[in-house]
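Letter by letter, the chains look like this.
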Amino acid sequence: RFIPDDVRRAILLNDEALEAELLRMTDAFTDELFALPGATRIVHPVSRLVVDPERFPEDHSEPMAARGMGAVYTLTSEGRPLRPEPSAEERASLFGRFYAPHHDALEGAVDTELHARGNALIIDGHSFPSRPIPCDLNQSEPRPEICLGTDANHTPGPLLAAAFAAFASTGWRVEV
């Protein structure tokens, strides 16, 4: 939820509207949900409204850029102006301060695990609202309580099956 003062000055929302946007766009409680024993956690130090480390750095590669929500958001989740389009220098500054260090830390943690154990398990933890918000690409309902986002290149089938079974055994509605 943290937004540095210099970035806050560029945001067009008043404090009340910014608080509402932070409520909609913050992955609430992930710090607690994913505090796993023995795990190395890489936590982005600022709000995704500053720069979103989950997005591709180049807008032409990022589907959400068409909704003003590339790595550097210019629109809110409801499609209202969040901030002016940053200059190349402003964008480079945000990437240098927040995006690159986050990815460097993630890469370093993975390298450490690979060297120590020969493998690494990355859990990219999020929370999301039970109902879609306007910016969501998928507007379908109802949403699952647990959504396992995977891709065949990075998620072994047995791992996906085990995760699905573990969550489903709790009685939660699980989808892949």
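Conventions we followed
- Residues numbered from 1 in each chain as written.
- Predicted model: local features only at pLDDT ≥ 70, side-chain atom pairs only at ≥ 80, totals over all residues.
- Heavy atoms only, no water.
- Helix = DSSP H or I, 4+ residues; strand = E, 2+ residues; numbered from the N terminus.
- Rg over C-alpha atoms; globule rule 2.2 N^0.38 Å.
- Buried < 20%, exposed > 50% of the residue type's maximum accessible area, 1.4 Å probe, protein only.
- Contact = heavy atoms within 4.5 Å.
- Areas by Shrake-Rupley, 256 points an atom, 1.4 Å probe, with all protein chains shown as cover.
- Lys, Arg positive; Asp, Glu negative; His and termini not counted.
- Charge placed at Lys NZ, Arg CZ, Asp CG, Glu CD.
- Expected span 1.5 Å × (residues − 1).
- Patch = residues over 30% accessible without salt bridge, like charges linked within 9 Å, V, L, I, M, F, W, Y side chains within 5 Å.
- Salt bridge = Lys/Arg side-chain N within 4 Å of Asp/Glu carboxyl O.
- 1 Å grid on protein atoms, 1.4 Å probe; cavity = no way out; pocket = protein on both sides within 12 Å on 5 of 7 lines; lining within 4 Å.
- Points joined across faces, edges and corners; volume = space filled by probe spheres on them.
- Arc of directions from axis to C-beta.
- Polar contact = N/O pair within 3.5 Å; in protein donor to acceptor, adjacent residues only side chain to side chain.
- Core = buried A, V, L, I, M, F, W, Y, C linked by side-chain atoms within 4.5 Å.

S.K.: Outline the overall build of the chain, supporting the account with residue identities and numerical values.
M.R.: Looking only at helices and strands, one finds 5 helices and 2 strands in the chain. Whereas a compact globule of 176 residues would reach a radius of gyration of roughly 16 Å, the chain reaches 18 Å, a difference of no more than 12%. In terms of overall dimensions, the chain has a C-alpha envelope of 45 × 40 × 30 Å along the principal axes. Residue burial in the chain is summarised as follows: out of 176 residues, 30% are buried. Put simply, 56% of the contacts in the chain that link residues at least 6 apart link residues at least 24 apart. Accessible surface, the chain: about 11,200 Å² in total, of which carbon and sulfur atoms supply 57%. One way to put it: in the chain the 16 positive side-chain charges average out to a point 5 Å from where the 28 negative ones average out.

S.K.: Can you lay out helix 4 (residues 88-117) for me, pointing to particular residues and giving the numbers?
M.R.: Compared with the 44 Å implied by 1.5 Å per residue over 30 residues, the 40 Å span of helix 4 between its first and last C-alpha is a close match. Listing the buried residues of helix 4 in full gives Arg91, Leu94, Phe95, Phe98, Tyr99, His102, Ala109 and Val110. Looking at the buried positions of helix 4, the neighbouring elements they touch are helix 1 (5-8). Phi turns positive one or two residues past the end of helix 4, at Gly118, with a value near 85 degrees.

S.K.: Quick rundown of a nonpolar patch on the surface? Include the residues and the values.
M.R.: Residues Leu36, Leu121, Ile123 and Leu159 make up a contiguous nonpolar surface patch of roughly 370 Å² in combined accessible area. If you trace the backbone, Leu159 turns up in helix 5 (residues 157-168). Leu159 gets classed as partly exposed once you look at its relative accessible area, which sits at 37%.

S.K.: An account of the layout of surface pockets is needed here, citing residue identities and associated values.
M.R.: Roughly 180 Å³ of volume is contained in the second largest pocket. Asp6, Val7, Ala10, Arg83, Pro84, Glu85, Pro86, Glu90, Ser93, Leu94 and Arg97 together form the lining of the second largest pocket.

S.K.: Describe in detail helix 2 (residues 15-25), supporting the description with residues and values.
M.R.: Along helix 2, the positions that sit buried rather than exposed are Leu18, Glu21, Leu22 and Met25. Along helix 2, the residues classed as buried sweep out an arc of 100 degrees about the axis, all on the same side. In helix 2, those exposed residues whose orientation departs by more than 90 degrees from the buried face are Glu16 and Leu23. The backbone nitrogen of Glu16 has a side-chain oxygen 3.1 Å away, supplied by the residue at the start of helix 2, namely Asn14.

S.K.: An account of unusual backbone geometry is needed here, citing residue identities and associated values.
M.R.: The residue Phe29 is not glycine, and still its phi comes out positive at about 65 degrees. Using a relative accessible area of 61% as the deciding quantity, one classes Phe29 as exposed.

S.K.: Break down the nonpolar core for me, with residues and values.
M.R.: Of all hydrophobic cores here, the largest spans 23 residues; its most connected members are Ile3, Leu18, Leu49, Val50, Val51 and Leu94. Elements that contribute at least two residues to this core include exactly helix 2 and helix 4. Beyond its immediate stretch of four places on either side in the chain, Ile3 contacts Arg8, Ile11, Leu18, Leu22, Ser47, Leu49 and Val50.

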